[in-house]
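Given next are the chains, with one letter for each unit.
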Amino acid sequence: MAGKTVIRVKDLYKVYRVGDSKVKALNGVDFTIQKGEFCSIVGTSGSGKSTLLNMLAGLEKPTKGQIVIAGEHIEKKSENQLVKFRREHIGFIFQSFNLLPALSAVENVALPLTFQGMDKAKRLEKAAQVLDLVGLSKHKDHKPTQMSGGQQQRVGIARALVVNPQIIFADEPTGNLDSHTSAEVMELIRRIIHEQNQTLVMVTHDDHLAGFADRIFRISDGKIVSIEAGREQ
Amino acid sequence: MKFRDMLRMSLSSLWKRKVRTFLTVLGVVIGTASIVVMISLGLGLSRASMAEIEKYGGITTVTVTEQDSYTVDSSITGAASQSQTVEHLDDDLVDNILQLDHVKDAYPVLDTDALAISGGFQANIQIRGVAADKMQNLQLNLGRGSLPQPGEGQLSVVYGNMVLGDFYNDKTGEGYWYNGTLPDIDLMTDTILYVFDVDRYYNAIWGGTDDKGQAVTMPKKYVVDTAGVVAGGMEDYNSNSSYVFCDLEQLKTLLRKEFRGSVIPGQPTTANGKAYKDIYYTSIIVNVDNMDYVQQVQNEINDMGYQATSNAEWVASMQGQYKYIQLALGGIGAVSLFVAAIGIANTMMMSIYERTKEIGIMKVLGCDMRNIQSMFLMEAGYIGLIGGAIGLELSYGLSAVINSVVKTVDLGVDEAVSASVGLSYIPLWLAALSIVFAVLVGMVAGFFPSLRAMKLSPLAAIRTE
């Protein structure tokens with residue numbers, strides 16, 4: 001995969017202070033991800049995978065090290081700059097979907113565009129297009145409560161895609177779904193990432209789900225222990 | 001983020017929590033209404049008192065009279081006895097006063113006494129001569145007839161509404177002030193005779209003699225036409241109600257003729273008791289263009305060597321008094337708005353706790369921190385705006401109720417005044433100010449909650465519960 005580098009992580013440390021003792025959540029992590037890649041970070045609970053994702057998305061500050069996304073140093077940005085960076089370059093898929101219950105599917109998808117200051121007509125049109133892409137053409141005006149978990153997560157995926165981000169982060173995207181739906185959603189994610197030439201980093205504890213990715217980073221005790229190719233290449 | 005989108009989002013989050021929004025708004029409604037009604041009462045009171053002052057000669061009127069004359073006794077000072085030169089009021093002075101800043105109008109007034117006789121009644125009346133073309137300035141509210149026209153040959157007069165009560169029975173001496181019944185005279189149609197030289201009239205009746213020992217002859221009695229009568233009865237006092245008004249020039253001509261060579265009663269005399277060639281005015285009425293300059297004009301005229309009086313000090317002390325009343329009333333109202341503000345702050349705090357996740361999601365999705373703060377401020381502002389608007393409408397309703405109650409109940413205030421202008425009065429500026437204030441209170445109350453919302457960690461959003 002001869003794409004250009006989207007993420008470069010170098011010598012990343014995160015140390016939490018718990019009482020008097022120090023807990024190293026991340027203990028020197030290095031990797032790079034190319035454009036168009038679908039990577040998964042897999043590890044057990046407490047392995048540091050969520051911490052890594054939070055830091056990649058700029059939600060937590062690293063103790064030491066560098067994170068460069070699309071040529072910009074995330075670790076040096078202020079909170080305001082991070083918000084702006086996320087608004088323009090990053091999509092996010094949550095485990096518990098995190099759709100706003102008062103908004104319809106299409107409005108939820110258009111929300112990041114609202115934050116960008118796009119006109120209402122334009123952003124709703126764009127959101128509708130992305131909903132078509134994830135196969136929810138018939139549910140555009142449904143509220144989250146009127147949709148199944150799988151459908152809600154499709155809305156979540158559409159919301160991440162709508163800003164045409166440099167990179168999409170997904171935190172246990174199928175954690176709240178049954179296994180059948182999970183597989184469906186994972187297939188959808190993989191298909192769209194490849195069709196749209198998007199880059200996605202997924203965190204999961206499930207080996208099977210991690211296998212949908214092109215590359216699998218195995219993390220344990222704050223360190224990447226192995227990088228494997230996905231099973232279903 | 002577009003301003004319109006922020007307005008829409010904050011309005012929709014209020015709408016989502018209808019009951020709580022309603023209750024919070026209700027607090028603001030009550031707070032706003034209590035402030036507005038309280039202040040409207042203060043304003044109404046002060047307006048009623050102003051209307052009352054208006055009856056006592058207006059608030060922009062300065063009355064100019066001669067300075068009280070006094071003589072310096074030569075036996076004390078050793079100097080020749082001399083009268084302090086008293087400046088008399090004449091047309092030159094009227095012109096000078098008209099030159100002063102902020103003087104809208106000035107006109108002379110000549111007062112003189114006369115005896116009016118009609119049928120078996122007579123009255124000592126005060127005649128006030130005012131140039132016919134200035135007579136509308138007196139704001140005589142005529143019940144019957146009309147004002148004398150300028151240039152009429154015959155002296156015709158307008159009676160103040162309380163003049164009728166001055167007539168008494170010339171046999172018994174009883175009149176209205178003695179037995180409470182008005183004499184049976186129709187001022188418009190009955191013949192009324194005036195005697196100007198009252199001293200000579202009584203001298204002639206009692207058979208007095210003059211310096212040369214000759215019997216005093218009866219002075220001429222003039223038949224005086226009535227042009228009009230001021231509306232109102234004996235109870236309706238105002239500064240004009242006990243005068244008889246006539247044209248100044250006609251009065252001067254008549255007095256000159258009547259008192260040829262002798263001193264007209266009420267006129268100043270030379271050092272040796274002789275009459276001046278001119279007739280001097282009793283007072284000059286000066287209209288100032290604005291209440292704020294009354295004191296200034298008054299001082300200028302005083303400096304010129306005359307005595308200028310006005311209601312300015314009375315008005316000032318009155319206004320000072322009502323300002324305190326307004327402050328006190330407004331303060332009482334402010335307490336409830338303050339409570340409402342705490343309610344807003346509380347509601348916003350609750351809302352933020354509930355929406356921690358939502359705020360976090362918005363932050364992760366890239367919503368600007370300022371925008372988040374703005375949306376919360378807008379929500380609080382909306383609560384203030386809606387509450388203020390409804391509160392204002394409620395105030396108008398309450399104000400109308402108060403005014404209709406005051407019309408039927410005696411509150412010890414001058415009823416006629418309070419009934420005519422209303423005890424509660426909401427001017428436009430108060431209405432506008434109350435809404436602006438309510439919005440402001442809402443936003444101030446929402447400020448710290450909004451700051452808190454802004455600082456919430458986005459991590460809260462992706463935490464799985």
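Residues numbered from 1 in each chain as written. Chains lettered and ligands numbered in written order. Predicted model: local features only at pLDDT ≥ 70, side-chain atom pairs only at ≥ 80, totals over all residues.

Okay, the overall build of chain A next. When its secondary structure is counted, chain A shows 7 helices and 10 strands. In summary, chain A has a C-alpha radius of gyration of 17 Å against a globular reference of 17 Å for 233 residues, a match within 12%. Taken along its principal axes, the extent of the C-alpha atoms in chain A is 50 × 40 × 40 Å. Residues classed as buried in chain A amount to 48% of the 233 residues present. (Helix = DSSP H or I, 4+ residues; strand = E, 2+ residues; numbered from the N terminus. Rg over C-alpha atoms; globule rule 2.2 N^0.38 Å. Buried ≥ 20, exposed ≤ 12 C-beta atoms within 10 Å, placed from the backbone.)

Moving on, we come to the interface of chain A and chain B. With 20 residues of chain A in contact, the opposing surface of chain B contributes 19 residues. Within the residue set of the side of chain A that touches chain B, elements represented by two or more residues are helix H2 (79-89) and helix H3 (105-116) of chain A. Among the residues forming the side of chain A that touches chain B, the class breakdown is 9 nonpolar, 7 polar and 4 charged. (Contact = placed C-beta atoms within 7 Å. Nonpolar A, V, L, I, M, F, W, Y, C, P; charged D, E, K, R; others polar.)

The extent of an interface is frequently quoted as the accessible surface area lost upon association of the parts. Here chain B is described as being made up of domain 1 (3-56 + 318-462) and domain 2 (61-309). Relative to domain 2 of chain B, the C-alpha centre of domain 1 of chain B lies at a distance of 57 Å. (Domains from an automatic or database assignment.)

To continue, consider the nonpolar core. The biggest cluster of nonpolar side chains holds 120 residues, and the ones touching the most others in it are Val109, Phe169 and Val201 of chain A. Sorting elements by how many residues they give to this core places helix H2 (residues 18-55) of chain B first, with 14 residues. With residues near it in sequence (within four places) discarded, valine 201 of chain A still touches Ile33, Cys39, Ile41, Leu53, Leu56, Ile167 and Phe169 of chain A. Counting residues in each nonpolar core, the second largest holds 59 residues, with Ala123, Leu255, Val286 and Tyr306 of chain B among its members. (Core = buried A, V, L, I, M, F, W, Y, C linked by C-beta atoms within 7 Å.)

This part takes up the sheet that holds strand S4 (residues 64-69) of chain A. Residue and element names in this part refer to chain A. Strand order in the open sheet formed by 4 strands is S2-S1-S4-S5, and the pairing between neighbours is antiparallel. Every other strand in the sheet has two partners, leaving strand S2 (21-34) and strand S5 (72-73) as the edge strands with one partner each. When strand S1 (residues 5-18) meets S2, the two strands line up antiparallel, connected through 11 bridges. Residue pairing in the sheet places arginine 17 in a bridge with lysine 22 of S2. (Pairing = 2+ DSSP bridges.)

Turning our attention to the environment of asparagine 161 of chain B. All names here are of chain B. Along the polypeptide, asparagine 161 turns up in the loop between strand S7 (156-159) and strand S8 (168-169). C-alpha of asparagine 161 to C-alpha of glycine 143: the two residues are 18 residues apart in sequence and 8.9 Å apart in space. In contact with asparagine 161, not counting residues within four places along its chain, are Val230, Ala231, Gly232, Gly233, Asp236 and Ser241.

Further remarks concern unusual backbone geometry. All names here are of chain A. Positive phi outside glycine occurs at asparagine 98, with the angle close to 55 degrees. With respect to the element layout, asparagine 98 can be found in the loop between strand S6 (90-93) and H3. You will see that glutamate 172, though not glycine, has its phi angle at about 45 degrees, which is positive. Note on placement: glutamate 172 falls in the loop between strand S7 (167-171) and helix H6 (179-196).

What follows deals with the pairing of strand S10 (residues 223-229) of chain A. Residues and elements named next belong to chain A. Here strand S9 (residues 215-220) runs beside S10; their pairing, made up of 6 bridges, is antiparallel. Across the sheet, residue phenylalanine 217 finds its bridge partner in S10, namely isoleucine 227. Joining the antiparallel neighbours S9 and S10 is a turn of 2 residues, in which aspartate 221 adopts a positive phi near 50 degrees.

A separate point is the packing of H3 of chain A against helix H4 (residues 120-133) of chain A. Angle between the axes and distance between the axes are the two parameters that describe a pair of packed helices. Residue and element names in this part refer to chain A. Across the interface, H3 lies against H4 with an axial gap of 8 Å and an inter-helix angle of 120 degrees. On the basis of their axis angle, the class for H3 and H4 is oblique. As H3 runs across H4, the sense of the crossing is right-handed. The segment H3 lies against H4, with Ala105, Val106, Val109, Ala110, Leu113 and Thr114 engaging Arg123, Leu124, Lys126, Ala127, Ala128, Val130 and Leu131. Its residues assigned to classes, the contact of H3 with H4 comprises 10 nonpolar, 1 polar and 2 charged. (Axes fitted to C-alpha atoms, helices over the stretch in contact; angles between N-to-C directions. Parallel < 35°, antiparallel > 145°, perpendicular 65-115°, else oblique. Left-handed = near helix turned anticlockwise from the far one by under 90°.)

Quick look at helix H1 (residues 3-16) of chain B now. The end-to-end C-alpha distance of H1 of chain B is 20 Å, a good match for the 20 Å that 14 residues give at a rise of 1.5 Å each. Every buried residue belonging to H1 of chain B is among Asp5, Met9, Ser13 and Leu14 of chain B, and all of these are buried. (Expected span 1.5 Å × (residues − 1).)

A few words now on the sheet that holds S7 of chain A. Residue and element names in this part refer to chain A. Judged by pairing direction, the sheet is mixed, and its 6 strands sit side by side in the order S6-S7-S8-S3-S9-S10 without closing on themselves. Edge strands, defined here as strands with exactly one partner in the open sheet, are S6 and S10. Within this sheet the neighbouring strands show an average axis-to-axis angle of 20 degrees, counted without direction. Relative to strand S8 (residues 200-204), strand S3 (residues 38-42) runs parallel, the two being bridged by 5 bridges. Note that in S8 the partner of serine 40 across the bridge is methionine 202. Across the sheet, helix H5 (residues 149-161) is in contact with S6 and S7; its angle to S6 comes to roughly 170 degrees.

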